[in-house]
Amino acid sequence: MKKKIGVVLSGCGVYDGTEIHEAVLALLAIDRAGAEAVCMAPNIEQTRVVNHLTG
């Protein structure tokens, strides 16, 4: 049975959460190590949100 590794993701980008490159590389490394990545996210209200079009 494959080992499962939890990856906690939050927000939607560089200013308020998970940066896409970091997330993808983490998932790739887990896969290459022979484990199964399980993506998870907090189920709470965000205190701050950034509009990425206007900053």
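Residues numbered from 1 in each chain as written. Predicted model: local features only at pLDDT ≥ 70, side-chain atom pairs only at ≥ 80, totals over all residues. Heavy atoms only, no water.

Asker: Just to check I follow, could you spell out the overall build of the chain for this structure?
Answerer: Helix and strand counts for the chain stand at one helix and two strands. Seen in sequence order, the chain has helices and strands lined up from the N terminus as β-α-β. The C-alpha atoms of the chain give 14 Å as radius of gyration, which overshoots the globular expectation for 55 residues (10 Å, by more than 25%). Summarising its shape, the C-alpha atoms of the chain cover approximately 45 × 20 × 10 Å along the three principal directions. Split into buried and exposed, the 55 residues of the chain put 13% on the buried side. In the chain, of all internal contacts separated by at least 6 residues, the share reaching a separation of at least 24 is 70%. (Helix = DSSP H or I, 4+ residues; strand = E, 2+ residues; numbered from the N terminus. Rg over C-alpha atoms; globule rule 2.2 N^0.38 Å. Buried < 20%, exposed > 50% of the residue type's maximum accessible area, 1.4 Å probe, protein only. Contact = heavy atoms within 4.5 Å.)

Asker: Can you help me understand the environment of Lys3 in this one?
Answerer: For Lys3, the position within the fold is in the segment before strand S1 (4-8). Once residues within four sequence positions are removed from consideration, Lys3 is found in contact with Ala35 and Glu36.

Asker: Would you mind showing me how to read the environment of Val8 here?
Answerer: Counting through the fold element by element, Val8 comes out in strand S1. Taking the C-alpha atoms as reference, Val8 lies 5.3 Å from Ala41; in sequence the two are 33 residues apart. Residues within four places of Val8 in sequence aside, it is in contact with Thr18, Met40 and Pro42.

Asker: Teacher, can you tell me more about helix H1 (residues 20-32) here?
Answerer: Since there are 3.6 residues in each turn of an α-helix, residues three or four apart along the chain are aligned in direction. Relative to the 18 Å expected for 13 residues at 1.5 Å per residue, H1 spans 18 Å between its end C-alpha atoms, a close match to the ideal helical length. Between a side-chain oxygen at the N-terminus of H1 and the backbone nitrogen of His21 the separation is 2.9 Å; the capping residue is Glu19. Immediately downstream of H1, the backbone of Gly34 shows phi near 90°, a positive value. (Expected span 1.5 Å × (residues − 1). Polar contact = N/O pair within 3.5 Å; in protein donor to acceptor, adjacent residues only side chain to side chain.)

Asker: How do you make sense of the environment of Ile5 when you look at a structure like this?
Answerer: With respect to the helices and strands, the residue Ile5 is situated in strand S1. As for Ile5 and Ala37, which are separated by 32 residues in sequence, their C-alpha atoms are 5.0 Å apart. Setting aside residues no more than four positions away along its own chain, Ile5 makes contact with Ile30, Ala35, Glu36, Ala37 and Val38.

The quantities given are spatial measurements derived from coordinates; they are silent on function.
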